[in-house]
Protein chains: 2
Amino acid sequence: MANIADVAKAAGVSASTVSYVLSGKRTISKETADRVHRAIREMDYRPNAGARALASARTNIIGLVVPLRAGQNVPVVMEFVAAVVTRARSHDHDVLLLTQDEGVDGLRRVAASALVDALIVMDVQAKDPRLTALRSLDTPAVLIGVPERSTGLSAVDLDFAAAGSRAIEHLAELGHRRIGFIGQPPKVYERGTGYAERLLTGLHTAAAEHDVTLSVAPCESSMAGLRASVTQLLDEQPGLTALIVHNESVLPALREVLLERERRLPDDVAVVAICPDDMASSHGIDYTNIAIPADELGTAAVDMVMSRLPGKNSAETRLLAPDLTVRDTTPDLKAR
Amino acid sequence: MANIADVAKAAGVSASTVSYVLSGKRTISKETADRVHRAIREMDYRPNAGARALASARTNIIGLVVPLRAGQNVPVVMEFVAAVVTRARSHDHDVLLLTQDEGVDGLRRVAASALVDALIVMDVQAKDPRLTALRSLDTPAVLIGVPERSTGLSAVDLDFAAAGSRAIEHLAELGHRRIGFIGQPPKVYERGTGYAERLLTGLHTAAAEHDVTLSVAPCESSMAGLRASVTQLLDEQPGLTALIVHNESVLPALREVLLERERRLPDDVAVVAICPDDMASSHGIDYTNIAIPADELGTAAVDMVMSRLPGKNSAETRLLAPDLTVRDTTPDLKAR
DNA sequence: ATGAAAGCGCTAACAC
DNA sequence: GTGTTAGCGCTTTCAT
């Protein structure tokens, strides 16, 4: 395999010139540049990644920590990963895949061995043991999901508070005044998961503003759990006309459970789901939803982490605006 | 960050000794090894990946090419990726993620720049343009999916011929003699996809052996497509009592379409699906299925590619034996 | 606008 | 069983 010296010889220049032609860190005469480029093409030369990393202290590799076992939102994770890889390539970087399982050690390992220039960590919990480790590394990192204290670390997430408000707002506009919220399982709230709480905040704020009475019920991921939550909500507000669903795993059963209570979806009860787009439209009825924008999150994460590479920029938290798509479960009743 | 010289100094040995302690390529006295290990621990030393790669011509990174956009079997792809990463780690390797989109160039790029020691390529087509490129590289590669000509390349896949035979065999044992096959969409056969054809071969072979009359219908991935295929099969064999389904995306609608033709599943028509386990049991009824063993495929792929690293072993094609899980769609009629 | 030369941190042949 | 030394192929000062 040809190396930089071979190319230099063929082009009749020094190795450093070839390097500068490639990096553009020096102005090179057009003639020289052309000769070098031609030699590169003819020899099909590619700089050796290891040598480059050693000399420049940059690997052009981003480490991506993914919850690979996650039984849950596999398609969302995939979409996110795809976005990260694609965006990374457009910044001339590759992506090294790390699993959640490697935990703190994995982060330390790739950072200390200078395998990666930066880290993107998915599925960050409110109190995540990896946060301390990440702060102690001098490898820039960006978190997907905003933890309780993101001091010193960059983070990007859906703006869950805004998402909550948007859901209420949409229903309020359609005339709904009694709304129920079907949340995540109780343990999600108990362990203080940031996004779940932020969503609640948004819901309550908007409910107050729009004169909406809101009942809240956490919900286990099962038919029985859903029945219990629906019962609770109907006990509190027998006249409720709309639901906001955060536990997307109960969507398949929702219609049936509502029928058991003699409520038809969407005529008696309208529904806004907070879930990935592909989960919104695969249950016989297409749910109006606020999407988890996996693609945008991935792209943003890469951009953020790249902007911090020279260590220049400081940490930031970016919240993506929610996007509500009206489908079949929130009909405009006045229009009938 | 401490480097090998720092560690050597602290342990009172030469740098090469530290290197040899780490690699185990030389016998070291216990005392020396202990001193070195202590120094390493105290300084939290990790060898620089770039330097290591440059000096040893080994990066300890495996490149994994994944169909990231694939709307279809996302969970299977994920499971496979997880298996590859996990297994790679157990061989002390990391995984660099490449997308299908990068195509041939991507393969050339990572191989020529010596970014990876080996390549695993998923979703290989019968006539895949990447095959030629892979053969020309001196980076060992293993394909997931057996192409038409795998000369010089290693490949691993489910033994689809055996899977076909196994499905027939299972149904024959239960007494079924008139069986229909619901295949992949026509274009899959037209483009000569190896696995689809091998499955057919297995079906026909076993059908002959077990005195089974087999009707075959390709099937578009839609309700209408399924109806058409079912109609065709029932026209050919009005008395058929069992189906083998290869197009897993029609499973959700199968029960209903059969009911339209006044056949109840599983009492009037038994079904064996060839699909990932998680797709077998999420349609109201649990399908008897032959699994796509994503996990084993990933593990095997890594093992195969690692065994070829020193360039010693030669290419091999490994076919994994099919595993049939009896669930609710192939009841034992005699037992009633 | 270009070259020469000094590393980057490690491995492995060579020496003893 | 251990040390010495010569690279690995590149980037980046320093020089001109």
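Residues numbered from 1 in each chain as written. Chains lettered and ligands numbered in written order. Predicted model: local features only at pLDDT ≥ 70, side-chain atom pairs only at ≥ 80, totals over all residues.

The number of helices and strands found in chain A is 14 helices and 12 strands. A compact globule built from 336 residues would reach a C-alpha radius of gyration of about 20 Å, whereas chain A, at 26 Å, exceeds it by more than 25%. Overall, chain A is about 85 × 45 × 35 Å in size when its C-alpha atoms are taken along their principal axes. Across the 336 residues of chain A, 45% fall into the buried class. Long-range contacts, defined here as pairs at least 24 residues apart, represent 69% of the contacts in chain A between residues at least 6 apart. (Helix = DSSP H or I, 4+ residues; strand = E, 2+ residues; numbered from the N terminus. Rg over C-alpha atoms; globule rule 2.2 N^0.38 Å. Buried ≥ 20, exposed ≤ 12 C-beta atoms within 10 Å, placed from the backbone. Contact = placed C-beta atoms within 7 Å.)

B:Asn3, B:Ile4, B:Ser16, B:Ser19 and B:Ala55 are the nearest of the 27 residues found near DNA strand C. Contributions of two or more residues to the surface near DNA strand C are made by helix H2 (15-23) and helix H4 (49-56) of chain A together with helix H2 (15-23) and helix H4 (49-56) of chain B. Looking at side-chain class alone, the surface near DNA strand C contains 12 nonpolar, 12 polar and three charged residues. (Near = placed C-beta within 6 Å. Nonpolar A, V, L, I, M, F, W, Y, C, P; charged D, E, K, R; others polar.)

Attention now goes to the protein's contact with DNA strand D. Near DNA strand D lie 28 residues; those nearest to it are A:Ile4, A:Ser16, A:Ser19, A:Ala55 and B:Thr27. Sorting the residues of the surface near DNA strand D by element identifies H2 and H4 of chain A together with H2 and H4 of chain B as the ones contributing at least two each. A breakdown of the residues in the surface near DNA strand D according to their chemical character gives 13 nonpolar, 12 polar and three charged.

All right, on to the sheet that holds strand E7 (residues 213-217) of chain B then. Residue and element names in this part refer to chain B. With mixed pairing, six strands are arranged side by side in an open sheet as E7-E6-E8-E9-E10-E12. Looking along the sheet, the strands with just one partner apiece sit at the ends: E7 and strand E12 (324-325). Across two bridges, the pairing between strand E10 (residues 288-290) and E12 is antiparallel. Across the sheet, the residue bridging to Ile 290 is Leu 324, located in E12. Packed on one face of the sheet, helix H10 (residues 194-209) meets strand E6 (178-182), E7 and strand E8 (242-245) and runs near 160° to E7. (Pairing = 2+ DSSP bridges. Axes fitted to C-alpha atoms, helices over the stretch in contact; angles between N-to-C directions.)

Moving on to the pairing of strand E3 (residues 118-121) of chain B. Residues and elements named next belong to chain B. Burial along E3 is two-sided: the face carrying Ala 118 and Ile 120 and the face carrying Leu 119 and Val 121 are both buried. Summarising the sheet, strand E1 (residues 61-66) and E3 pair through four bridges and their orientation is parallel. Bridge pairing in E3 links Leu 64 to Ile 120. In this structure, E3 lies alongside strand E4 (residues 141-144), joined through three bridges in parallel fashion. Across the sheet, Leu 119 pairs through a bridge with Ala 141, a residue of E4. For the segment spanning E3, helix H7 (residues 129-136) and E4, crossover handedness is right-handed. (Right-handed = clockwise from strand over helix to strand, strands pointing away.)

With respect to the secondary-structure elements, B:Arg178 resides in strand E6. With near-sequence residues (within four places) excluded, B:Arg178 lies in contact with B:Thr213, B:Gln237, B:Gly239, B:Leu240 and B:Thr241.

As a further point, take the interface of chain B and chain A. Taken together, the contact between chain B and chain A spans 31 residues of the former and 30 residues of the latter. Secondary-structure elements contributing two or more residues to the side of chain B that touches chain A are H4, helix H5 (74-90), strand E2 (94-99) and helix H6 (103-112) of chain B. At eight residues, H5(B) tops the list of elements feeding residues into the side of chain B that touches chain A. In the side of chain B that touches chain A, the residues fall into 20 nonpolar, six polar and five charged. Summarising the sheet, strand E2 (residues 94-99) of chain A and E2(B) pair through three bridges and their orientation is antiparallel. The residue of E2(B) that forms the bridge with A:Val95 is B:Leu97.

Looking now at the relation of the copies chain B and chain A. Note on the identical chains: chain B maps onto chain A by a rotation of 180° and an axial translation of 0.0 Å, with an RMSD of 0.1 Å. Considering both components of the superposition, the chain copies are consistent with a two-fold axis. Most of the interface of chain B is mirrored in chain A: 97% of its interface residues are interface residues there too. (Least-squares fit on C-alpha atoms with pLDDT ≥ 70 in both.)

Attention now goes to the environment of B:Ala167. All names here are of chain B. One can find Ala 167 in helix H8 (residues 160-173). When the C-alpha positions of Ala 167 and Leu 203 are compared, they lie 7.7 Å apart, and in sequence the two are 36 residues distant. Among all residues touching Ala 167, those that are not within four sequence positions of it are Ile 244, Val 272, Ile 274 and Ile 290.

Right, let's talk about the domain arrangement of chain A for a bit. Structurally, chain A comprises domain 1 (4-56), domain 2 (61-158 + 294-320) and domain 3 (160-292 + 324-335). Computed over C-alpha atoms, the centres of domain 1 of chain A and domain 3 of chain A are 59 Å apart. (Domains from an automatic or database assignment.)

Residues and elements named next belong to chain A. With mixed pairing, the six strands of this open sheet are ordered in space as E7-E6-E8-E9-E10-E12. A strand with exactly one partner marks an edge of an open sheet, and here the two such strands are strand E7 (213-217) and strand E12 (324-325). Direction of pairing for strand E8 (residues 242-245) relative to strand E9 (residues 270-274): parallel, over a ladder of four bridges. From the neighbouring strand, Ala 242 faces E9, where its bridge partner is Ala 270. Helix-sheet contacts for helix H11 (residues 223-236) involve strand E6 (178-182) and E7, and the interaxial angle to E7 is about 150°.

Below, the discussion takes up H6(B). Taken as a whole, H6(B) has its buried residues at B:Gly106, B:Leu107, B:Val110 and B:Ala111. Taken end-on, H6(B) shows its buried residues confined to a sector of 120°, consistent with a single buried face. (Arc of directions from axis to C-beta.)

Another point: the environment of B:Thr27. Residues and elements named next belong to chain B. Mapped onto the fold, Thr 27 is located in the loop between H2 and helix H3 (30-43). Using a count of 7 C-beta atoms within 10 Å as the deciding quantity, one classes Thr 27 as exposed. Taking the C-alpha atoms as reference points, Thr 27 and Asp 277, 250 residues apart in sequence, are found 48 Å from one another.

A few words on unusual backbone geometry. For residues other than glycine, phi is negative in most cases, and the peptide bonds are mostly trans. With an omega of 5°, the peptide bond running from A:Leu265 to A:Pro266 counts as cis. Examined against the element boundaries, A:Pro266 turns out to sit in the loop between helix H12 (251-260) and E9. With a phi close to 55°, B:Ala114 is a non-glycine residue in the positive phi region. Unusually for a residue other than glycine, B:Asp123 sits at a positive phi of about 55°. Within the secondary structure, B:Asp123 is located in the loop between E3 and H7.

All names here are of chain A. In terms of burial, strand E1 (residues 61-66) is largely enclosed, as six of its six residues are buried. Burial along E1 is two-sided: Ile 61, Gly 63 and Val 65 facing one way and Ile 62, Leu 64 and Val 66 facing the other are all buried. Direction of pairing for E1 relative to E2: parallel, over a ladder of six bridges. Note on E2: the bridge partner recorded for Ile 62 is Val 95.

This next bit is on the packing of H8(B) against H10(B). All names here are of chain B. Packing of H8 against H10 leaves a shortest axis separation of 6 Å and a crossing angle of 40°. In terms of axis orientation, H8 runs oblique to H10. In the packing of H8 onto H10, the handedness of the crossing is right-handed. In this structure, H8 contributes Phe 160, Ala 161, Ala 162, Ala 163, Gly 164, Ser 165, Ile 168 and Glu 169 to the contact, and H10 contributes Tyr 195, Arg 198, Leu 199, Leu 200, Thr 201, Gly 202, Leu 203, Thr 205, Ala 206 and Ala 207. Taken together, the residues of the contact of H8 with H10 sort by class into 11 nonpolar, five polar and two charged. (Parallel < 35°, antiparallel > 145°, perpendicular 65-115°, else oblique. Left-handed = near helix turned anticlockwise from the far one by under 90°.)

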